[in-house]
Amino acid sequence: MHQAASTIAPLHPASAIEIRRLQPHDHARWDAFVQACPEASFFHRAGWHTIMEQSFGHSGHFLYAEQDGRICGVLPLAHIRSRVFGNTLISLPFCVYGGIASSHAAAHQALDAAAQALAQQLQVGHLEYRQRSQPERHDDSGQHGWLSKPLYATFRRPLLADEQDNLLAIPRKQRAVVRKGIAAGLHSLIDDDLKRFFPLYAASVHRLGTPVFARRHFALLRTVFGDDCQILTVCQGAQAQASVMTFYFRDEVLPYYGGGSVLARDTGANDFMYWELMRRASERGYRLFDFGRSKLGTGAYDFKKNWGFTAQPLPYAYKLVAAESLPDTNPLNPKYRWFIRAWRCLPLPLANLLGPHIVRQLG
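Conventions we followed
- Residues numbered from 1 in each chain as written.
- Predicted model: local features only at pLDDT ≥ 70, side-chain atom pairs only at ≥ 80, totals over all residues.
- Heavy atoms only, no water.
- Helix = DSSP H or I, 4+ residues; strand = E, 2+ residues; numbered from the N terminus.
- Buried < 20%, exposed > 50% of the residue type's maximum accessible area, 1.4 Å probe, protein only.
- Polar contact = N/O pair within 3.5 Å; in protein donor to acceptor, adjacent residues only side chain to side chain.
- Pairing = 2+ DSSP bridges.
- Axes fitted to C-alpha atoms, helices over the stretch in contact; angles between N-to-C directions.
- Contact = heavy atoms within 4.5 Å.
- Patch = residues over 30% accessible without salt bridge, like charges linked within 9 Å, V, L, I, M, F, W, Y side chains within 5 Å.
- Areas by Shrake-Rupley, 256 points an atom, 1.4 Å probe, with all protein chains shown as cover.
- Salt bridge = Lys/Arg side-chain N within 4 Å of Asp/Glu carboxyl O.
- Expected span 1.5 Å × (residues − 1).
- Parallel < 35°, antiparallel > 145°, perpendicular 65-115°, else oblique.
- Nonpolar A, V, L, I, M, F, W, Y, C, P; charged D, E, K, R; others polar.
- pLDDT = per-residue confidence, 0-100.
- Phe/Tyr/Trp six-rings, centres within 6.5 Å; stacked < 30°, edge-to-face > 60°.
- Lys NZ or Arg CZ within 6 Å of the ring centre and 35° of its normal.

Another aspect to go through is the side chain of Thr298. Along the polypeptide, Thr298 turns up in the loop between β13 (288-295) and α10 (299-306). The class of Thr298 is buried, set by a relative accessible area of 16%. In terms of polar contacts, Thr298 uses its side chain to reach the backbone carbonyl oxygen of Lys295, at 2.7 Å.

Attention now goes to the pairing of strand β8 (residues 152-158). With 6 of its 7 residues buried, β8 lies for the most part within the structure. Relative to β13, β8 runs antiparallel, the two being bridged by 7 bridges. Within β13, the residue paired with Tyr152 across the bridge is Lys295. With 3 bridges joining them, β8 and strand β14 (residues 311-313) adopt antiparallel strand pairing. Looking at the pairing, Phe155 lines up with Ala311 of β14.

Turning next to the sheet that holds β8. Sheet strands line up and pair through hydrogen bonds in the backbone, either parallel or antiparallel. The sheet built from 7 strands is open, its strands ordered β9-β10-β11-β12-β13-β8-β14 with mixed pairing. Looking at which strands have only one partner, the edges of the open sheet turn out to be β9 (186-191) and β14. Each strand axis lies, on average, 30° off the axis of its neighbour in the sheet, ignoring direction. Helix α7 (residues 215-225) rests against β9, β10 (229-236), β11 (239-249) and β12 (252-260) of the sheet, and its axis sits at about 125° to β10. On top of the sheet, α10 reaches β8, β13 and β14; it is set at about 150° to β13, its chief contact.

This part takes up a nonpolar patch on the surface. A contiguous nonpolar surface patch, about 250 Å² in accessible area, is contributed by Leu350, Leu353 and Leu354. Position of Leu353 relative to the elements: it lies in helix α12 (residues 348-359).

Before going further, it helps to spend a moment on helix α6 (residues 197-208). End to end, α6 covers 17 Å across 12 residues, agreeing with the expected 16 Å (1.5 Å per residue, within 8%). Every buried residue of α6 is accounted for by Phe197, Phe198, Leu200, Tyr201, Ala202, Ser204, Val205 and His206. Residues of α6 that are buried in the fold lie against α7, β10, β11, β12, α11 (337-345) and α12. Of the residues one or two after α6, Gly209 is the one with positive phi, at around 80°.

A few words now on the packing of helix α5 (residues 172-183) against helix α9 (residues 269-283). Packing of α5 against α9 brings their axes to within 8 Å, and their N-to-C directions diverge by 95°. It follows from the interaxial angle that α5 and α9 lie roughly perpendicular. Along its contact with α5, which presents Gln174, Val177, Val178, Gly181 and Ile182, the element α9 presents Asp271, Phe272 and Trp275. Looking at the contact of α5 with α9 residue by residue, the classes come out as 5 nonpolar, 2 polar and 1 charged.

Below, the discussion takes up the confidence of the model for the protein chain. For the protein chain, per-residue confidence averages 89 on the pLDDT scale, and 90% of positions sit at 70 or higher. Below pLDDT 50 for its whole length, residues 4-11 participates in 21 contacts with residues either more than four positions away or in separate chains. In the model, residues 137-142 has pLDDT below 50 throughout and makes 15 contacts with residues more than four positions away in sequence or in other chains.

Throughout the structure, instances matching the rule amount to 10 salt bridges. Residue Arg279 pairs with Glu276 through a salt bridge whose shortest N-O separation is 2.7 Å. With Arg279 and Glu276 both in helix α9 and 3 residues apart, this pair spans about one turn of that helix. On the basis of relative accessibility, which here comes to 18%, the residue Arg279 falls in the buried class. With a relative accessible area of 6%, Glu276 lands in the buried category. One connected set of salt bridges, linked through shared partners, spans Arg20, Asp26, Arg29 and Glu66.

Looking now at the environment of Ala269. Of note, Ala269 is situated in helix α9. Along the sequence, Ala269 and Trp338 sit 69 residues apart, while their C-alpha atoms lie 30 Å from each other. Once residues within four sequence positions are removed from consideration, Ala269 is found in contact with Leu186, Val234, Gln241, Ala242 and Ala264.

This part covers the side chain of His206. Secondary-structure assignment places His206 in helix α6. Judged by its relative accessible area of 10%, His206 falls in the buried class. Once residues within four sequence positions are removed from consideration, His206 is found in contact with Trp343, Arg344, Leu346, Pro347, Leu348 and Ala351.

Before going further, it helps to spend a moment on unusual backbone geometry. Following Ser91, the chain continues into Leu92 via a peptide bond in cis, with omega recorded as 10°. With respect to the helices and strands, Leu92 occurs in the loop between β4 (86-91) and β5 (101-102). Phi is positive for Gln123, close to 55°, though the residue is something other than glycine. Note on placement: Gln123 falls in the loop between α3 (105-122) and β6 (126-129). Look at Gln123 and you get partly exposed, because its relative accessible area is 44%.

Tallying each qualifying case throughout the model produces 40 aromatic pairs. Summarising the aromatic geometry, the rings of Tyr152 and Tyr316 are spaced 5.7 Å apart at their centres and angled 45° between planes, so their arrangement reads as tilted. You can see Tyr152 sitting in strand β8 and its partner Tyr316 sitting in the loop between β14 and β15 (317-320), a full 164 residues away along the chain. Each member of the pair, Tyr152 as well as Tyr316, is classed as buried. The interplanar angle of 70° and the centroid separation of 6.1 Å between the aromatic rings of Phe291 and Phe303 together place this pair among those described as edge-to-face. Placement of the pair is Phe291 in strand β13 and Phe303 in helix α10, with a sequence separation of 12 residues. For Phe291, a relative accessible area of 4% corresponds to the buried category. Phe303 gets classed as partly exposed once you look at its relative accessible area, which sits at 24%. We note Arg284 situated over the ring of Tyr248; from NZ or CZ to the ring centre the distance is 4.7 Å. Looking at Arg293, its charged tip hangs above the ring of Tyr152, at a distance of 3.9 Å from the centre.

Here is the structure:
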């Protein structure tokens, strides 16, 4: 298990700050800074540069601030050019968190200025920071002129050291579903490959009317992040019923991609899966469970609240560059409902073939 973030040593305020682009030889020291910086998340890790370019074909612009030869701030960005969904510079597409992670205000300001200059150079519609909280530093270059859009909330809660305490922390009705799974003889195991995970995930998102990521995307995540990316599968006997790909960062556990079979609702496999993830993570010493973001007004949002998690609004920040307004790519937008209904009607093999070409444009 990774240790929690430590305090970053103060830097000499008179030293010049240089903005540089991530290079392959910088990955280790970039990640060392991310590991230590309290503002950073798993999605600030250098490996996401590889994911952006190799999984999705998007140009990565991973910027870092350097002072006295040490990294003092990072800003991972990727450029999405889509004829349908627009031209954007985002920190970070396909990730729930992002934005600037820095050790002091001057580094934050320098990275923000560099990102805005890059957005102008690329002539994107808008620049987007997927920050988890409002920056403590408010200066003209950092927050002035930024727009917000209350669309998402995240759900994070401490894990307790004792298994029974964690179970009792789940509200009674939801706890009953977990116990139902236990009574049904469900059990969990760690998978070393995608054989059970991907079919369960692909069928699940298809039922939701959502394009699927390519199988190679998940294989690349496993390669890039190694032991910090793990698959847990829930079975009844030999039959796999639910599976989740999870990220581990410092003392946090983040279930990220998951899916269940049509049988999972009857057996409680999806609920049992998250309980098993909590139980196993707590045993390994992890102390925070991050249920990830959900859109306000959705079933996923209600599901996480039913687990006793408190919704924490995500203050994503947007700055218009070439566009006059922000695009509304929210699937709750009525104009996308026909697409969702049509996608559900596609044969699953065809949806799995077409999905990766569409989803890479969404971000």
